[in-house]
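Below, each chain spelled out in residue letters.
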Amino acid sequence: MGFLEAKSQQEAVATQQRLLPQGMSEKVAIFLKRPPLWIKIMLSLLLTLILVVLAVGELMRLQLQADYSASLRSTSEDTFLLLTAAALEPVISEDIPQLRSIVNETARLQPDIHAIRVVNEEGVLLASSSRDADKVRHHLVSFSKELIFESELFGVLSIDWSTERLDNEVIHHINMMRYWVIASLLTLTLIILVLIHFFAVRPIGKIHQHLLALNRGNLKSRIDIHCSRELSLLSNAVNNLADALAMQKLREAELESARRELFEAKEIAEITLHSIGDGVISTDVDGNVQYLNPISERLTGWRTDEARGQPIEKVFNLIDEITRNALPCIIRRCLEGTETVASESHPLLIGRNGLESAIDNAGSPIRSRSGEVIGAVMVFHDVTASRNMTRELQYQAAHDSLTDLINRKEFDRQLFQYREDLRHKDQRHTLLYIDLDQFKIVNDTCGHAAGDALLQQLSQLIGNELRRGDIFARLGGDEFGILLNECPLSFGIEIAESIRRSVERFRFVWNDIGFSIGSSIGIVAITSTSADAARLLEQADEACYSAKELGRNRYHVYTAKDDQVIGRQGEMNWLGKVNAALAEDRLVLYQQTILPLQQGGCSENHIEILVRLVEPDGSLVLPCAFIPAAERYGLMPKVDHWVVSHTMDWFRRNPEKMKALVLCNINLSGKSLSDDALLSYIEAQLDSPEIDASKFCFELTETAAVSNLALALNFIQRLKQKGCLFALDDFGSGMSSFGYLKILPVDYLKIDGMFVKDIVHDKTSRTMVASINEVGHVMGKRTIAEFVENDEILEHLREMGVDFAQGYCISRPAALE
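Below, the structure is looked at part by part. (Residues numbered from 1 in each chain as written. Predicted model: local features only at pLDDT ≥ 70, side-chain atom pairs only at ≥ 80, totals over all residues. Heavy atoms only, no water.)

Let's shift gears to the overall build of the protein chain. What the protein chain contains, in helices and strands, is 26 helices and 29 strands. On C-alpha atoms alone, the protein chain measures out to a radius of gyration of 71 Å, which is more than a quarter above the 28 Å that the 2.2 N^0.38 rule sets for 817 residues. The dimensions of the protein chain, computed from C-alpha atoms along their principal axes, are 235 × 70 × 60 Å. Burial status across the protein chain gives 40% buried among its 817 residues. When the accessible surface of the protein chain is split by element, carbon and sulfur atoms take 55% of a total near 44700 Å². (Helix = DSSP H or I, 4+ residues; strand = E, 2+ residues; numbered from the N terminus. Rg over C-alpha atoms; globule rule 2.2 N^0.38 Å. Buried < 20%, exposed > 50% of the residue type's maximum accessible area, 1.4 Å probe, protein only. Areas by Shrake-Rupley, 256 points an atom, 1.4 Å probe, with all protein chains shown as cover.)

Moving on: the packing of helix α12 (residues 408–421) against helix α16 (residues 533–549). Two numbers describe how α12 lies on α16: the axes approach to 9 Å, and their chain directions differ by 115°. Seen from above, α12 lies across α16 with right-handed handedness. Seen from α12, the contacting residues are R408, F411, D412, L415, F416 and R419; seen from α16, they are A533, L536 and L537. Among the residues making up the contact of α12 with α16, the classes are represented as six nonpolar, no polar and three charged. (Axes fitted to C-alpha atoms, helices over the stretch in contact; angles between N-to-C directions. Left-handed = near helix turned anticlockwise from the far one by under 90°. Contact = heavy atoms within 4.5 Å. Nonpolar A, V, L, I, M, F, W, Y, C, P; charged D, E, K, R; others polar.)

On to the pattern of salt bridges, then. In this structure the tally under the stated criterion is 34 salt bridges. One salt bridge connects D305 with R303, and the closest N-O pair in it is separated by 3.4 Å. Given the relative accessible area of 51%, D305 is considered exposed. Among the salt bridges present, the one from E497 reaches R501, with a minimum N-O distance of 3.4 Å. Of this pair, E497 and R501 both sit in helix α15 (residues 489–505), four residues apart, roughly one helical turn. Several salt bridges converge on common partners, so that one network encompasses R303, D305, E306 and R352. (Salt bridge = Lys/Arg side-chain N within 4 Å of Asp/Glu carboxyl O.)

This part is about the sheet that holds strand β18 (residues 555–557). With mixed pairing, the five strands of this open sheet are ordered in space as β13-β14-β12-β17-β18. Each edge of the open sheet is held by one strand with a lone partner, namely β13 (471–476) and β18. The mean angle between the axes of side-by-side strands here comes to 20°, regardless of whether they run parallel or antiparallel. By the bridge criterion, three bridges tie strand β17 (residues 518–526) to β18 in an arrangement that is parallel. Bridging across to β18, I523 finds its partner in V557. The sheet contacts of α15 involve β12 (429–437), β14 (479–484), β17 and β18, and relative to β17 the element is tilted by about 170°. (Pairing = 2+ DSSP bridges.)

In this fold, Y681 is placed in helix α21 (residues 676–686). Residue contacts for Y681: discarding those within four places in its chain leaves H641, V644 and S645.

Once that is clear, we can look at the packing of aromatic side chains. Applying the stated criterion across every chain yields a total of seven aromatic pairs. When the centroid spacing of 6.2 Å and the interplanar angle of 15° are considered together, the rings of F508 and W510 count as stacked. Since its relative accessible area comes to 1%, F508 is described here as buried. Seen in terms of ring centroids, F651 and F696 are 5.7 Å apart; in terms of plane orientation they differ by 90°. Their pairing is edge-to-face. Within this pair, whereas F651 is found in helix α19 (residues 636–653), its partner F696 is found in strand β24 (residues 696–701), the two being separated by 45 residues in sequence. For F651, a relative accessible area of 2% corresponds to the buried category. Exposure remark for F696: the relative accessible area of 0% places this residue in the buried category. Cluster of aromatic residues (ring-pair linked, three or more members): W650, F651 and F696. (Phe/Tyr/Trp six-rings, centres within 6.5 Å; stacked < 30°, edge-to-face > 60°.)

Our next topic: a nonpolar patch on the surface. Among the surface-exposed residues, I191, V194, L195, F198 and F199 lie close enough to one another that they form a single nonpolar patch of about 460 Å² accessible area. Position of F198 relative to the elements: it lies in helix α5 (residues 164–215). (Patch = residues over 30% accessible without salt bridge, like charges linked within 9 Å, V, L, I, M, F, W, Y side chains within 5 Å.)

Bringing the pairing of strand β15 (residues 507–510) into the picture now. Across four bridges, β15 lies against strand β16 (residues 513–516) in antiparallel orientation. Paired with W510 across the strands is I513, a residue of β16.

Our next topic: the sheet that holds strand β1 (residues 113–120). Think of a sheet as strands paired side by side through backbone hydrogen bonds, with each pair either parallel or antiparallel. On the basis of which strands lie adjacent, the open sheet formed by four strands has the order β2-β1-β4-β3 and antiparallel pairing. The open sheet has two edge strands, β2 (125–130) and β3 (140–149), and neither has a second partner. Shown here is a sheet whose adjacent strand axes are inclined to one another by a mean of 10°, direction ignored. Running over the sheet, helix α4 (residues 96–109) touches β1 and β2 and is turned about 25° from β2.

Taking 1.5 Å as the rise per residue, α12 with 14 residues should run 20 Å; its terminal C-alpha atoms sit 20 Å apart, in good agreement. Turning to α12, its buried residues are E410, F411, Q414, L415 and R419. Elements in contact with the buried residues of α12: α11 (384–398), β12, β13, β14, β17 and α16. (Expected span 1.5 Å × (residues − 1).)

It is worth spelling out a negative patch on the surface at this point. On the surface, E94, E121, E122, E150 and E152 cluster together to form a negatively charged patch. Within the secondary structure layout, E122 lies in the loop between β1 and β2. Residue E122 is classed as exposed on the basis of its relative accessible area of 64%. (Lys, Arg positive; Asp, Glu negative; His and termini not counted. Charge placed at Lys NZ, Arg CZ, Asp CG, Glu CD.)

As a further point, take the nonpolar core. Of all hydrophobic cores here, the largest spans 71 residues; its most connected members are I682, L686, F696, F698, L719 and L797. Counting residues per element, this core draws most heavily on α19, at eight residues. Setting aside chain neighbours within four positions, we find L719 in contact with L679, I682, E683, L686, F698, C724 and F726. Counting residues in each nonpolar core, the second largest holds 30 residues, with L405, L436, C446 and I523 among its members. (Core = buried A, V, L, I, M, F, W, Y, C linked by side-chain atoms within 4.5 Å.)

Right under this line is the structure:
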């Protein structure tokens, strides 16, 4: 039966759900499952009301019944007393009619009496009166009383009272009372409901709406309830909850932001650690490996999963690159608390696979918030390539790229070190300074490739003559330096002579052309009393120069009293004077007239610019005193620059001189031909509107032009484009002379004065001058004879057809101003 009832209930619910819309059924289900608070309060009040009404009604019923029972008992007692008093006499006298009349009258007067019966002592009915018995059978209450007179029983009086009226009155009163109570309670309930609504449900609804707003994320929502202390406390608690939620949300947002930043930082760190070219290894506080990035894995040969938990020394095996001794890992020092530790030696990492990598490494401890060391991290960089490159660069910086010998800088350093060591050691060394003879011929004839090959072969040849421990260097060009270690001067001379003979015997062949080379060697003994390293090299250079001056292909030992060396030192003195004169502008321009011979007249408007050096005391120094030193030590480009600059400035200041000028000759040295800056400066000067480039003729010595043929051609061609003329100075003194006239586009030939000054008395000189003049004319060049010191020489030149003459016979040099 229970199963059937449950099934029927389920069917009823299902039917109800089918009849209702889906949304409404869900709301009804939620309403029935979780009814609102006011419904619960109302149902509770109604249930209480019903119970109160039932209890009050029952109490009232019982009270009324008790009251009515007492009233009935009182009425029945009174009726018994009256009826007993009235009926006793007829009973005793057995006056039955009278007795019946009394009974009937009494029944009439008391509507609640249902029946009256009077019986004698024997139970015989004497009189009775009764109403309709079927109507009130169930509302009867019977009372009996004996009729006794003077203690003698005469009969029994019985009265049946009907309680129907009383019961109806009781029910009426009870119902009225119940209606009043229900109405009162309903009114009270409504009042309570209204009060509950205003003072409980409504504030609770506000709290509910506030909580819903909080649930939707509106953490700024606040409520203010003061209707009751409890709800005020609850609203404050809810507001505090909202504040706490807002704070929590803020903290969560901050935490999420921090978590996001931490995640991004972690991702960046991981990507960085995976992408950087440095190895990174981290360990715990015990020095056991925790992490290796890919570079670390490659260099150590360990994977992270294999290395994790292993001691750092097992994974990161370091040795000294030079001594090959094991090195301590800097991680251990970091774990001891040292903040940052860097490698101090030249560490070499030995990988698990035996791979060796030169590294630079540094480490730092990892600390907790409290500052406690919880691990360490080490960063190292593979510097194998850079260290090899550094070695290569150091090697290249100290060695000559062509011969693979050490260069001048390294040779100076080692010479300085050896000289310093002699302060503490009793040793002797010998210094050789070698300059190849005739090297320029090979270079100019066959090109630089041939010259380079010659230098390489001679480097090997000379190196074979040296001992182990000797220092051999290329000092520049075709110059070499040798430091014979622990070698006395006598043995050093033997080695120098052996080198000289080997070079002399050597025959260089290039493109089937053979060349013989010589060497000039300067020798200096090095002892504890010798000069410093720089001065030692100067002494060796001076001794080498002396060997060249004495005929080349020989050696010369430096001595302080050597005349050759003294002359060389004189040039060194002039070097300082020339530098000072240039710096202090103590040079002065002179001029000398060049006379045209074939016009028969005299012109002072064709001149040659000369230069003099002014000493600090005002005395003049002729060029023959300082020009050789300037030539040898590379100062001539500066001197030429000064001469060109001041000459052009003078003509710009004197435009009338520029206008009257026929031609101005300016001498240029051989070193100036390779000075692009000077060439560009001259071109810029010639572009000046005050300067007429066609009135300037630049003189190049035959030796300089032939020695630097390619440079000379470039120099001449560029200035000829500006309109300048060129003269070949000292023609006839060189080795080739006529052979280069076809190549050099010069306009004038200046016949060397060594031939001109002897033409009056020396037939050979006269023939040479005539030949040069004739060849020059044939090749379209005009000729100028130098050193014309008297009229007799002048007349011979005019007769030979020489175009111009220059010398003391015509004019002495005079200041340009």
